[in-house]
Amino acid sequence: MSENLSNHTEAVTAQRAFNERREKLLLFLSNKQGVCGLILVIFFFGTAIFAPLIATHDPNKLDIPARMSGPTMEHYIGTDQLGRDTFSRVLYGGRVALKIAGIGVSVALFLGLLLGMIAGYGPRWLDNALLLVFDTIRSFPTIVIALAIVALTGPSLGMVMAIVIVTSIPGYARLARTSTLALKSSEFIIAERSVGAGPGPIIWRHVMHGVNLHRMIQIPRHSIRPKSRIFISPNG
């Protein structure tokens, strides 16, 4: 009998979870702006991923006689100063932006989260040292740093990713540090320390789950936009 009761309880819980997910989906579908945004995101990802199939020309192929032409049946949105097809270059440029956003921001999020939790939970001297590093990085305009590094090392996608990662870490780290400081004095954290738990297990099991990731994930919307302008293609 107890087994039947347990199965019934699990079935009721599963049905309730299904109903909640269904209500959330219907609520999202009723939001026209949200659906429109989702369609645009899927469209951007699709054109970037399938750019080799959609592009009509080689993005780096020169066509000097057709340079600076307007939209035509051969070049849908015209050509640039070297005669390269602008439509194809936009599609392939989306692949670059997607790679920078996917890899660069993900690495910056992970490192920023880690350093922010260490700064918030660690000793005061470590917190001050990390804050000094974060403020130093943020004090330099991203464009200035990018142009200086590109002038010294030459243009490359890897260098752009490195710049995105380094300049994005302080924003993530400060948010993680603020959440960690709020959790540091919580009763369950104090109870963990009282039974001998070390900083590592506490940060891994409790602080990481309490950090406000929702606010941190919103940062790429602001951080990628200016950084995407610093890419200078090695091919011109």
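Residues numbered from 1 in each chain as written. Predicted model: local features only at pLDDT ≥ 70, side-chain atom pairs only at ≥ 80, totals over all residues. Heavy atoms only, no water.

## Points about the side chain of Ser88
By the element assignment, Ser88 lies in helix 4 (residues 86-121). A polar contact of 3.4 Å, which involves the side chain of Ser88, links it to the backbone nitrogen of Thr56. A distance of 3.0 Å separates the side chain of Ser88 from the backbone nitrogen of His57, its partner in a polar contact. Look past the residues within four positions of Ser88 in its chain and what remains in contact with it is Ala55, Thr56, His57 and Pro59. (Helix = DSSP H or I, 4+ residues; strand = E, 2+ residues; numbered from the N terminus. Polar contact = N/O pair within 3.5 Å; in protein donor to acceptor, adjacent residues only side chain to side chain. Contact = heavy atoms within 4.5 Å.)

## Section: the nonpolar core
Ile100, Ala108, Phe134, Val164 and Ile169 are the most contacted members of the largest nonpolar core, which has 14 residues in total. Counting only elements with at least two residues in this core, the list comes to helix 4, helix 5 (124-138) and helix 7 (157-184). Counting residues per element, this core draws most heavily on helix 7, which supplies seven residues. Counting residues in hydrophobic clusters, the runner-up holds ten residues, among them Tyr121, Ile202, Val207 and Val211. (Core = buried A, V, L, I, M, F, W, Y, C linked by side-chain atoms within 4.5 Å. Buried < 20%, exposed > 50% of the residue type's maximum accessible area, 1.4 Å probe, protein only.)

## Considering the packing of helix 6 (residues 142-153) against helix 7
At a closest axis distance of 11 Å, the pairing of helix 6 and helix 7 adopts a crossing angle of 145°. Helix 7 is crossed by helix 6, and the crossing has right-handed handedness. Across from Thr142, Ile145, Ala146, Ile149 and Thr153 in helix 6, the residues of helix 7 making contact are Met159, Ile163 and Thr167. Partitioning the contact of helix 6 with helix 7 into residue classes produces five nonpolar, three polar and no charged. (Axes fitted to C-alpha atoms, helices over the stretch in contact; angles between N-to-C directions. Left-handed = near helix turned anticlockwise from the far one by under 90°. Nonpolar A, V, L, I, M, F, W, Y, C, P; charged D, E, K, R; others polar.)

## A look at the environment of Tyr76
Within the secondary structure layout, Tyr76 lies in the loop between helix 3 (51-54) and helix 4. The class for Tyr76 is partly exposed, based on a relative accessible area of 44%. Once the C-alpha coordinates of Tyr76 and Thr86 are considered, the two residues, ten residues apart in sequence, prove to be 8.0 Å apart. Setting aside residues up to four positions removed in sequence, Tyr76 forms contacts with Thr56, Pro71, Asp85 and Phe87.

## As for the pattern of salt bridges
Per the stated rule, a full pass over the model turns up four salt bridges. Between Arg89 and Asp80 there is a salt bridge, with the nearest N and O atoms lying 3.9 Å from each other. Judged by relative accessible area, Arg89 falls into the partly exposed class, the value being 25%. The exposure class of Asp80 is buried, given its relative accessible area of 13%. (Salt bridge = Lys/Arg side-chain N within 4 Å of Asp/Glu carboxyl O.)

## Details of the confidence of the model for the protein
With 84% of its residues at a pLDDT of 70 or more, the protein has an overall mean of 79. Taking the mean pLDDT of every element in the protein, the minimum, 45, falls on helix 11 (residues 220-227) and the maximum, 90, on helix 5. Ignoring residues within four places in sequence, the model shows residues 219-236, a span with pLDDT below 50, making 31 contacts including any to other chains. (pLDDT = per-residue confidence, 0-100.)

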